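Structural description and commentary
Next come the chains, spelled out residue by residue.
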Amino acid sequence: MKALVLTDYKKMEYIDAETPEFGPNEVLIRVKSCGICGSDIHGYDGSTGRRRPPVIMGHEASGIIEKVGSNVRNWNIGDRVTFDSTIYCNECESCRRGYVNLCTNRKVIGVSCEDYRQNGAFAEYIAVPQHILYKLPENVTFDQAAMIEPLSVAFHAANMAADHPIGASAAVVGCGKIGMLLIQTLRMFGFGTIIAVKRSSNQQELIKELGADFFLCTSDDDVQEKVRQITNGQGVDYIFEAAGSETTVNLSIEICKRNGKIILVGNSAPKVSVPLQAIVTKQLHIAGSCASAGEYPACLDAIARNLINVDLLIGNRAPLSDGAYWFDKLYTNHENNLKVILNP
Ligand SMILES: [Zn+2]
Ligand SMILES: [Zn+2]
């Protein structure tokens, strides 16, 4: 088969690769669409240590079942499917409690790190275990289905705030693709005023179209004051932090209402320092949100019902053979890009 292989750091080649073997509990999928994730771009130069060459990246994918293993019962050749980006074991303590995102044996598709190498979907074929498959509704396209993985991250974060009263205020701090998907998700989840906070003023129109009532720039020095005005001096009920830097985490703490909740999704900085006394005296509830755990069917349903429009976030579609060009382009200019989807 043909595959887009990271043969060396910052070097992608469209070359022949072995068609993957598949076990009795696995299916072989003919890949139709696969999105380029920010984590692929960050791994491309070796800085994260999670894309050690040679590896086929790609974990935001969809396709058609081509072959099924001997123990596969509920899936058939020709089924249109997407799959979880994480292969969880279904046996460890976390899995048994439903926290499959926290599986102690988890392997992320398209990742090669110190512990494992799991080839991904920038290829004509990929083999995946049947327990991570999801069937596509008829009216959901393969390209839309390639957006399910990032959307599921937004849904999981919103589920962490499932205790919100209808109409509660929310702020999304950091408006990359996850932040933008979060804005649409929070609108659907019944939040009231939604404030988007972004580093630059680009994409302001799109962000408002996605459902934000207010757009603020982190570079404006009066961000806190503007949030105070919008929220009648109270601060925001729920903050979704989707950037993961010291500045944005601290801003989130400042603009959060007393007894409010901050869901941390972004984690680009491994460590940040935070104002302990503000967290304690405002009695803030701070929680991390990792990947997703069972949100795929709800995401597929929301796209099928047109409650979430992922098409607005797809910037470019290109053949997989052009993948090297798009990796280089996203790497050299990773601000304000919409999703790039590669089609084998
Ligand atoms: Zn991703
Ligand atoms: Zn597990």
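Starting from 1, residues in each chain are numbered consecutively following that chain's sequence as written. Chain labels run from A onward and ligand labels from 1 onward, assigned in the order the entries are written. In view of the model being predicted, local features appear only for residues whose pLDDT reaches at least 70, and side-chain atom pairs are presented and counted only at 80 or more, with totals across whole chains, interfaces and linings using the full set of residues.

Scanning the protein from N- to C-terminus turns up 11 helices and 19 strands. The reference for a compact globule is 2.2 Å times residues^0.38; the radius of gyration itself is calculated from the C-alpha atoms. Its C-alpha atoms give the protein a radius of gyration of 20 Å, within 12% of the compact-globule value 20 Å for 344 residues. With the C-alpha coordinates of the protein rotated into their principal frame, the extents come out at 60 × 40 × 35 Å. Expressed as a percentage of its 344 residues, the buried residues of the protein come to 44%. C-beta atoms are placed from the backbone for every residue, and two residues are taken to be in contact when these atoms lie within 7 Å. Taking contacts inside the protein between residues at least 6 apart in sequence as the whole, the part at least 24 apart equals 71%. Secondary structure elements are defined from DSSP: runs of H or I of at least 4 residues count as helices, runs of E of at least 2 residues count as strands, and each element is numbered from the N terminus. Three exposure classes are used, all based on how many other C-beta atoms lie within 10 Å of a residue's own C-beta (placed from the backbone): buried at 20 or more, exposed at 12 or fewer, and partly exposed between those limits.

Here we take up the packing of helix H4 (residues 148-159) against helix H5 (residues 177-188). At a closest axis distance of 9 Å, the pairing of H4 and H5 adopts a crossing angle of 55°. Between H4 and H5, the crossing angle belongs to the class labelled oblique. Judged by the twist between their axes, the crossing of H4 over H5 is right-handed. Only Lys177, Ile178, Leu181, Leu182, Thr185 and Leu186 of H5 make contact with H4, whose side of the interface consists of Pro150, Leu151, Val153, Ala154, Phe155, Ala157 and Ala158. To obtain each axis, a line is fitted to C-alpha atoms, and for helices this fit is confined to the stretch in contact; angles are then taken between N-to-C directions over 0 to 180 degrees. Angles are sorted into four bins: roughly parallel if under 35 degrees, roughly antiparallel if over 145, roughly perpendicular if 65 to 115, and oblique for all others. Crossing handedness follows the turn of the near helix against the far one: under a right angle anticlockwise gives a left-handed crossing, and clockwise gives a right-handed one.

Strands pair, by our definition, only if DSSP identifies at least two bridges between them. If you walk across this open sheet you meet the six strands as S14-S13-S12-S15-S16-S17, and the pairing is parallel. Each edge of the open sheet carries a strand with a single partner, namely strand S14 (214-217) and strand S17 (285-288). Across the sheet, the mean angle separating the axes of adjacent strands is 20° when strand polarity is ignored.

Expected span of a helix, by definition, is 1.5 Å for each gap between consecutive residues, and there is one gap fewer than residues. For H5, with 12 residues, the first-to-last C-alpha span of 17 Å sits near the 16 Å given by 1.5 Å per residue. Of all 12 residues in H5, 10 are buried; the element is thus mostly enclosed. Along H5, the positions that sit buried rather than exposed are Lys177, Ile178, Gly179, Met180, Leu181, Leu182, Ile183, Gln184, Thr185 and Leu186. For H5, the secondary structure elements touched by its buried residues are H4, strand S12 (170-173), strand S13 (194-198), helix H6 (204-209), strand S15 (236-241) and strand S19 (339-343). Looking one or two residues beyond H5, the residue adopting positive phi is Gly190, at roughly 85°.

Throughout, the edges of the domains are those of an automatic or database domain assignment. Domain annotation for the protein reports domain 1 (2-150 + 293-343) and domain 2 (161-288). The centre of domain 1, based on its C-alpha atoms, is set 29 Å off from the matching centre of domain 2. On the side of domain 2, 14 residues touch domain 1, which itself brings 10 residues to the contact.

Those residues of helix H10 (residues 296-304) that fall on the buried side of the exposure criterion are Tyr296, Cys299, Leu300, Ala302 and Ile303. In an axial view of H10, the angular spread of the buried residues amounts to 160°, which keeps them on one side of the axis. Looking at the buried positions of H10, the neighbouring elements they touch are strand S11 (133-135), helix H3 (142-145), H4 and H5. Just downstream of H10 lies Asn306, where phi reads positive at about 65°. Working definition: the arc comes from the directions between the helix axis and the C-beta atoms, pointing outward to the latter.

Let us look at the nonpolar core. Nonpolar core, as used here: buried Ala, Val, Leu, Ile, Met, Phe, Trp, Tyr and Cys residues forming one set through C-beta atoms within 7 Å. With 99 residues, the main nonpolar core has Phe122, Ala170, Val172, Leu182, Ile183 and Phe240 as its most contacted residues. Broken down by element, the residue count for this core peaks at seven residues, all from H4. Here this core gathers at least three residues from each of two domains, domain 1 (2-150 + 293-343) and domain 2 (161-288). For Leu182, the contacting residues outside a window of four places in its chain are Ala154, Ala157, Val172, Phe240 and Ala242.

Right, let's talk about the environment of Leu6 for a bit. Mapped onto the secondary structure, Leu6 falls in strand S1 (residues 2-8). For Leu6, the contacting residues outside a window of four places in its chain are Lys11, Met12, Tyr44, Arg51, Pro53, Pro54, Val55 and Met57.

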